[in-house]
Amino acid sequence: LGLVLGLPCAAPAQERAIAIRGGTGLPVSGAPIPNGIVVIRGGKIVTVGTTADIPRGAEVIDARGKYVMPGVIDAMTNVGIAPDDQNDASDPMTPQSRAIESYYPYGTFGQGKPGPLRNREALSGGVTTMYIAPADGSLLGGQGAVVKTAGANLDAVIVREPAAMDMTLGEPPKRAARSRNRDPYTRMAEVAMLRQLLVKAQEYQRNKAQKPDLARDLGMEALGRLLQKEIPARIQANAVSDIRSALRLAEEFGFDVVIDGGAWAYEMRDDLVTRRVPVVLGQVSHPYVSNEEIPDRTDYPPVDERTPARLVAAGVKVAIASFSRAFGTLAPAGTGKWLLIDAAIAGGYGLSDEDILKSITLAPAEILGVANRVGSLAPGKDADVVILDGPPLSIKTWVERVYVNGEMVYERER
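Residues numbered from 1 in each chain as written. Predicted model: local features only at pLDDT ≥ 70, side-chain atom pairs only at ≥ 80, totals over all residues. Heavy atoms only, no water.

## Thoughts on the overall build of the protein
Point 1. Regarding its fold elements, the protein presents 11 helices and 19 strands.
Point 2. The burial tally for the protein puts 57% of its 414 residues in the buried class.
Point 3. Within the protein, contacts between residues at least 6 apart in sequence are counted, and of these 67% link residues at least 24 apart.
Point 4. Of the roughly 17,300 Å² that the protein leaves accessible, carbon and sulfur atoms contribute 49%. (Helix = DSSP H or I, 4+ residues; strand = E, 2+ residues; numbered from the N terminus. Buried < 20%, exposed > 50% of the residue type's maximum accessible area, 1.4 Å probe, protein only. Contact = heavy atoms within 4.5 Å. Areas by Shrake-Rupley, 256 points an atom, 1.4 Å probe, with all protein chains shown as cover.)

Shown next as structure tokens:
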């Protein structure tokens, strides 16, 4: 393929064109392109096809025998946020909190010297974009953000902020509440507390419209963006009852919703399709996101690895994400580094190769509201490009090079 890529928008653009040609192009938004060419310049993709005018002076990359695809998107992770910064222990509902304020990607848990940002672990798996969020120990943790995994500085990596309001239903908030001797102790309390807060936000919006000089409330302002559909809610819900409660909340208060985790989402497929609600699943090998306990209850049927394929066949938009944490044995085993390979497991349970690639590229881009910039190889999009030495869904394949905004930010060591 032939590609031309540039630097992040906050940094001087890489004006010299780059052409990656001869490889098998996987645009995701269209059919594979044997012996393809992608041309990029100024941080954007200029051309994708079988022929292209390569600008004079362009750097030409020989990709014969290789595969070229858009950067992988991890649609849910807490990486880059220290463990004690992932939730506020003082309050189960903190809509005013913003994950970006705790995000420090320069080193482990805030260690490391600020400078050009490169998350080498994520890049080694082809991940170029992530959704970072508060963890699930809070009922309403706050606002998440979409970031690139490389850039000149922190401002340069931000793609969308805020990008969503993160909530959790089910076991994790109850477990955290019990440890602190506070509400919510039950699922009834979880939903009631969220409803009360959203009613308060509605009242704040009405009062603010009538009295513009009313004292500001950052939490209510943030929830206002949710109620006005400027951002969606990301609600982690695995049990059928929790998914049902999430959908009811969205219907009652009129906001857009994305189901995270969704281990038993197939049981609610008709409602999800009717309401056009997407689902961000955990990795196929580790579907129990956040180590959620599995009670002996009828609304927790056995988890089926066919869930991605069955949801897609039903018409639900599906992304597969790592849900990875930044700390040790308390974390789920998944990591964005292996997201491409883990998603490939779904191929053994009925998901097509096309839909597997879409679940970690274009589908999460659409769910995150950034498909105008990332998620596929298409003219005008950010030049986030991955070159692999073999088919992307093969366990024998390695990521060889990664470009973010047209700059080569990762090359496999030999």
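Read on, since the account is not over.
## Quick word on the sheet that holds strand β5 (residues 59–62)
Point 1. One open sheet holds the four strands; their spatial order is β4-β3-β1-β5, and the pairing between them is mixed. Each edge of the open sheet is held by one strand with a lone partner, namely β4 (44–49) and β5. Adjacent strand axes in the sheet meet at a mean angle of 15 degrees, parallel and antiparallel pairs treated alike. (Pairing = 2+ DSSP bridges. Axes fitted to C-alpha atoms, helices over the stretch in contact; angles between N-to-C directions.)

## Quick notes on the environment of G36
Point 1. Examined against the element boundaries, G36 turns out to sit in the loop between β2 (24–25) and β3 (37–41).
Point 2. Put simply, G36 and G49 are 13 residues apart on the chain and 5.6 Å apart in space, counted from C-alpha to C-alpha.

## So, helix α6 (residues 240–253)
In an α-helix there are 3.6 residues to a turn, and that puts residues three or four apart on one side.
Point 1. In this model α6 runs 20 Å from its N-terminal to its C-terminal C-alpha over 14 residues, within 8% of the 20 Å that 1.5 Å per residue would give.
Point 2. Extensive coverage of α6 is indicated by the burial of 10 of its 14 residues.
Point 3. Buried within α6 we find V240, S241, D242, I243, S245, A246, L247, L249, A250 and F253.
Point 4. One or two steps after α6, the chain reaches G254, where phi turns positive at roughly 70 degrees. (Expected span 1.5 Å × (residues − 1).)

## What to know about the sheet that holds strand β7 (residues 72–77)
Point 1. Reading across from one edge, β7-β9-β10-β12-β13-β14-β15-β16 is the order of the eight strands in this open sheet, with mixed pairing throughout. With partners counted over all chains shown, the strands left at the sheet margins are β7 and β16 (318–320), one partner each. Taking the axes of each pair of neighbouring strands and ignoring which way they run, one obtains an average angle of 25 degrees across the sheet.
Point 2. Direction of pairing for β7 relative to strand β9 (residues 127–132): parallel, over a ladder of four bridges. By the bridge assignment for β9, V72 is matched with V127.

## Quick notes on unusual backbone geometry
Point 1. Here the bond from E161 into P162 is cis, since omega is -5 degrees, no more than 30 degrees from zero.
Point 2. Structurally, P162 can be placed in strand β12 (residues 158–168).
Point 3. If you check the backbone angles, R276 has positive phi at about 55 degrees while not being a glycine.
Point 4. Topologically, R276 is positioned in the loop between α7 (269–274) and β15 (279–281).
Point 5. Owing to a relative accessible area of 76%, R276 belongs among the exposed residues under this scheme.

## Observations concerning the packing of aromatic side chains
Point 1. Overall, the coordinates contain zero aromatic pairs when judged by the stated rule.
Point 2. Its end group placed over the ring of Y131, R234 keeps NZ or CZ at 4.4 Å from the ring centre.
Point 3. Seen from the ring of Y266, R269 lies directly overhead, with NZ or CZ sitting 4.0 Å from the centre. (Phe/Tyr/Trp six-rings, centres within 6.5 Å; stacked < 30°, edge-to-face > 60°. Lys NZ or Arg CZ within 6 Å of the ring centre and 35° of its normal.)

## What to know about the packing of helix α4 (residues 187–210) against α6
Point 1. One can describe the packing of α4 onto α6 by two numbers: an axis separation of 11 Å at closest approach and a directional angle of 15 degrees. Our classification of the angle between α4 and α6 gives roughly parallel. Crossing handedness for the pair α4 and α6: right-handed. Of the residues in α6, those in contact with R187, V191, L194, R195, L198, V199 and Q202 of α4 are S241, D242, S245, L249, E252 and F253. (Parallel < 35°, antiparallel > 145°, perpendicular 65-115°, else oblique. Left-handed = near helix turned anticlockwise from the far one by under 90°.)

## Focus on the pattern of salt bridges
Point 1. This model, assessed by the stated rule, comprises 24 salt bridges.
Point 2. Residue R216 is joined to E221 by a salt bridge in which the shortest nitrogen-to-oxygen separation is 2.7 Å.
Point 3. Shared partners join several salt bridges into a network, and the residues in it are K44, K148, R373, D382 and D384. (Salt bridge = Lys/Arg side-chain N within 4 Å of Asp/Glu carboxyl O.)

## Regarding the pairing of β4
Point 1. The pairing of β3 with β4 spans five bridges and is classified as antiparallel. Looking at the pairing, V39 lines up with T47 of β4.
Point 2. Where β3 folds back on β4, the antiparallel hairpin that results is connected by two residues, among which G42 adopts a positive phi of roughly 60 degrees.

## What to know about helix α3 (residues 171–180)
Point 1. Buried within α3 are the following residues: E171, P172, P173, K174, A176 and A177.
Point 2. Of the surrounding elements, those touching the buried residues of α3 are β12, α4 and β13 (233–237).
Point 3. With its phi angle positive at about 55 degrees, N181 sits one or two positions after the end of α3.

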